[in-house]
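# Tertiary structure, described
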Amino acid sequence: MRDNPQETSDLKLKNENETEIDTIIIGSGVGGLASAICLARSGQRVLVLEQHDVPGGWCHSFYLNGYRFTPGVHYVGLLDKGQSTSELYEGLGIANDLAFFRMNTQAYEHCWIGDERFDYPANFDELCDSLSQRFPEEKKNIKKYLTMVRTVSRQIQLIPKIKGFWDHVTIPFRTKYMGKYALFSLKKVIGWYLKNPLLKTILNIQYGDHGLPPGKASFPLHCAVMDHYFDGGFYPMGGGGAIVKAMTNAIKKHGSEVRTGQSVKRILVEGEKKKRAIGVELENGEKILAKRVISNADPGKTYLDMVGRDNISRKLLKKLNKTKYSCTSLMLFLTVDMDLRKAGLDSGNIWMMPKNADMDEQFAEMQRIDIEEGDEFAGLFISCTTLKDPISYDGRYHTMEVITYINYKAFERFENENKERSPEYLQFKEKLTQKFVNSLEKVVPGISDHIVQKELGTPITNEYYINSTDGCVYGTEKSLRHIGPLAYKPKSEIENLYLCGASIASHGVAGASYSGVQTAALILKCRQDDLIQPDVDLNQDVRIYDAEDSSDYPDWMLRKIEVKKSRLATDDNRFSSVKEK
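Rules used in this analysis
- Residues numbered from 1 in each chain as written.
- Predicted model: local features only at pLDDT ≥ 70, side-chain atom pairs only at ≥ 80, totals over all residues.
- Heavy atoms only, no water.
- Pairing = 2+ DSSP bridges.
- Helix = DSSP H or I, 4+ residues; strand = E, 2+ residues; numbered from the N terminus.
- Axes fitted to C-alpha atoms, helices over the stretch in contact; angles between N-to-C directions.
- Contact = heavy atoms within 4.5 Å.
- Polar contact = N/O pair within 3.5 Å; in protein donor to acceptor, adjacent residues only side chain to side chain.
- Salt bridge = Lys/Arg side-chain N within 4 Å of Asp/Glu carboxyl O.
- Buried < 20%, exposed > 50% of the residue type's maximum accessible area, 1.4 Å probe, protein only.
- Arc of directions from axis to C-beta.
- Patch = residues over 30% accessible without salt bridge, like charges linked within 9 Å, V, L, I, M, F, W, Y side chains within 5 Å.
- Areas by Shrake-Rupley, 256 points an atom, 1.4 Å probe, with all protein chains shown as cover.
- Lys, Arg positive; Asp, Glu negative; His and termini not counted.
- Charge placed at Lys NZ, Arg CZ, Asp CG, Glu CD.
- Left-handed = near helix turned anticlockwise from the far one by under 90°.
- Nonpolar A, V, L, I, M, F, W, Y, C, P; charged D, E, K, R; others polar.
- Core = buried A, V, L, I, M, F, W, Y, C linked by side-chain atoms within 4.5 Å.

### Considering the sheet that holds strand β20 (residues 543-546)
The strand order across the open sheet built from three strands is β8-β5-β20, with neighbouring strands paired in mixed fashion. Looking at strand neighbours, the two that pair on one side only are β8 (234-236) and β20, the edges of this open sheet. Strand-to-strand twist in this sheet, taken as the mean axis angle between neighbours without regard to direction, amounts to 35°. Inspection of the sheet shows strand β5 (residues 99-102) paired to β20 by four bridges, in the parallel sense. The residue of β20 that forms the bridge with Phe100 is Ile544.

Set out below in structure tokens:
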């Protein structure tokens, strides 16, 4: 509700000399950017507002002493021609602006389970064969289980493609397996098919991609995650920031705008019984009107912080009070003066956990509040960016991102920290950084002596830069209570207010992007697929290169690698003070 008649007058005067804004999008995560592209391309004037000084949300990249890191993009799947992520980028008109490196096809995922090792090959049949050779007594069940995983995932993908009457009639039959397992956890279903504890651990290890232990994770959602990577993982050339750059350029090309450093204080609504969104007020007091507003923030930030409790129904408030958010993270960003390939690393990710650990118990251990206890972390995800993106490697210094999931309550006492962090907070970070390094020594012995740069991202960091509830990494918790029909909807109860992002359709780079398309389709009164039909005249193709083999790299790429190495040779003093110590 507007404060008074004068405010209405002021707002109208503020916009009278401007082209009317059709849609304001709060937050520039890939969901918001995908919505912006679709709406701008349809002729709307769209304004994307981002509180951080760079766009992208979790997909943004940042630099430390010239070395790039991306906190939320570690691999993407289904990028080969004809697959869904490739079709998404083609349909958004950004495929020609993107290039990806195909991660190690023999091992895009490395499972380190105590002393046990298993590598995920980038091929469904090879995965079945490799697991069957390792666990011959489970051969038939392995094939049955993985086939069911793929079937359920493909049935989920059918739902947005429903067109006419006949599709609505037949969809219950075409998605019967998805429906059969919809209300069961990953732990429950995998237990029906497989018995070997190590085998189940290997097949559950990607639970980290949705941040829930097998006992709480939705089986259909896990099917979607596994199927997304059955043909391997890909890493964007230029990191996640390259995807963001391609998307923001597309928005500008279609006559719309992305503004950074623009923190939204509240969403302006009017009306007594029937509320409707009419624009936003920024933290600096500026008010901007629009025909509609899309929030790319999570539901808590959207409804409780920006809309306000007084403007939502009791029913919605009750749901918000019961909503749980995904776990948060600790993320160690490292630059090391060491030949990591010689040390045994490659472009594949490493999932590391203790031997014989029950994964639900291990996750509970990771969620302990007293995370200072112990010398090592219970589980790690390890990614070497410069091996995934060879063009970023200068011939000497490698960059790494090491992640573990934690409970926000471990940092609750620091939640009111300002930008000038307290000594207590910095000491706490230092202890946790050392704990990370102790754990990493198990993977790369001697790495401690080669670290020239390190920075720890905490839940407080996540809140500051991403503005997510309790620094959550996947929006709402992806348990059975927060997905599918029970998830938050793209259309809110407030007229002209919409949502998109990880809490709406799905999480991850592709999932959040598709959520943005879904929200735009709702606004434009069309189907999701209608908005991502590629323009045949543009001949859109995502370029894909092999991270492990440079023999097919084009000349421009080889020259760029050489330039990077030559620059290092002429200016290699940025870490001199660290090395002298």
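### Considering the environment of Asn496
If you trace the backbone, Asn496 turns up in the loop between α17 (459-466) and β19 (497-499). Separated by 473 residues in the primary sequence, Asn496 and Thr23 have C-alpha atoms spaced 9.3 Å apart. Ignoring sequence-local partners within four residues, the contact set of Asn496 consists of Arg276, Ala277, Lys291, Arg292 and Val293. Only 3.4 Å separates the side chain of Asn496 from the backbone oxygen of Lys291, close enough to count as a polar contact.

### Notes on the environment of Lys274
Within the element layout of this structure, Lys274 appears in the loop between β10 (264-270) and β11 (276-282). Measuring from C-alpha to C-alpha, the distance between Lys274 and Ile494 comes to 7.4 Å, with 220 residues separating the pair along the chain. Beyond its immediate chain neighbours, meaning those up to four positions away, Lys274 contacts Glu493 and Glu495.

### Considerations on the pattern of salt bridges
For the structure shown, the criterion picks out 26 salt bridges. Among the ionic pairs, Lys187 bridges to Asp358, the shortest N-O distance being 3.9 Å. Here Lys187 is found in helix α8 (residues 186-193), whereas its partner Asp358 is found in the loop between β15 (349-353) and α14 (359-366), with 171 residues between them in sequence. Exposure remark for Lys187: the relative accessible area of 40% places this residue in the partly exposed category. Across the salt bridge formed by Glu257 and Arg259, the nearest N and O atoms sit 3.0 Å from each other. For Arg259, a relative accessible area of 24% gives the class partly exposed.

### A short note on helix α4 (residues 124-134)
Turning to α4, its buried residues number three or more, namely Phe124, Leu127, Cys128, Leu131 and Ser132. Looking straight down α4, one finds its buried side chains confined to an arc of 130°; they lie on one side. With a side-chain oxygen lying 3.0 Å from the backbone nitrogen of Asp125, the N-terminal cap of α4 falls on Asn123.

### Structural notes on a positive patch on the surface
Where like charges cluster on the molecular surface, the positive patch consists of Lys318, Lys322, Lys324 and Arg481. Its location among the elements puts Lys322 in helix α13 (residues 314-322). Overall, Lys322 belongs to the exposed group, its relative accessible area being 53%.

### Points about the packing of helix α2 (residues 30-41) against helix α18 (residues 508-524)
With their axes 7 Å apart at the nearest point, α2 and α18 run at an angle of 40° to one another. The handedness of the crossing between α2 and α18 comes out as right-handed. Packed against α2, whose contacting residues are Val30, Gly31, Ala34, Ser35, Cys38 and Leu39, the element α18 presents Val509, Ala512, Ser513, Ser515, Gly516, Val517, Thr519, Ala520, Ile523 and Leu524 at the interface. Its residues placed into classes, the contact of α2 with α18 shows 10 nonpolar, six polar and no charged.

### Some remarks on the environment of Tyr514
By the secondary structure assignment, Tyr514 is in helix α18. In this structure Tyr514 comes out as buried when scored by relative accessible area, which is 18%. With residues up to four places along the chain from it excluded, the contact list for Tyr514 reads Ser84, Leu88, Gln528 and Ile532.

### Notes on the side chain of Ser515
Tracing the backbone through its elements, the reader meets Ser515 in helix α18. With a relative accessible area of 0%, Ser515 lands in the buried category. Looking at Ser515, its side chain comes within polar contact range of the main-chain nitrogen of Gly501, at 2.7 Å. Not counting the four nearest positions on each side in its chain, Ser515 is found in contact with Gly31, Cys500, Gly501 and Ala505.

### Quick word on the nonpolar core
Membership of the largest hydrophobic core comes to 62 residues, with the highest contact counts inside it found for Tyr120, Leu131, Tyr145, Leu146, Leu203 and Phe219. Of the residues forming this core, the biggest block, six residues, is contributed by helix α5 (residues 139-158). Ignoring sequence-local partners within four residues, the contact set of Tyr120 consists of Gln106, Ala107, Tyr108, Glu109, Cys111, Leu127, Ile202, Leu203, Ile205, Gln206 and Met226. Judged by nonpolar contacts, the second largest core, of 43 residues, contains Ala36, Leu92, Ala521 and Ile532.

### Some remarks on the side chain of Gln83
Mapped onto the fold, Gln83 is located in the loop between β4 (67-69) and α3 (84-91). We classify Gln83 as buried; its relative accessible area is 16%. Other than its neighbours up to four places away in sequence, Gln83 contacts Leu78 and Asp231.

### Quick look at the pairing of β11
Among the seven residues of β11, six are classified as buried, and the element is accordingly described as predominantly covered. With six bridges connecting them, β10 and β11 associate as antiparallel partners. Pairing of Val269 across the sheet is with Ala277, part of β11. Turn length for the β10-β11 hairpin, with the two strands adjacent in sequence and antiparallel, is five residues, and the turn residue Gly271 shows positive phi of about 105°. Bridge count between β11 and strand β12 (residues 287-289): three bridges; the pairing is antiparallel. Note on β12: the bridge partner recorded for Glu281 is Lys287.

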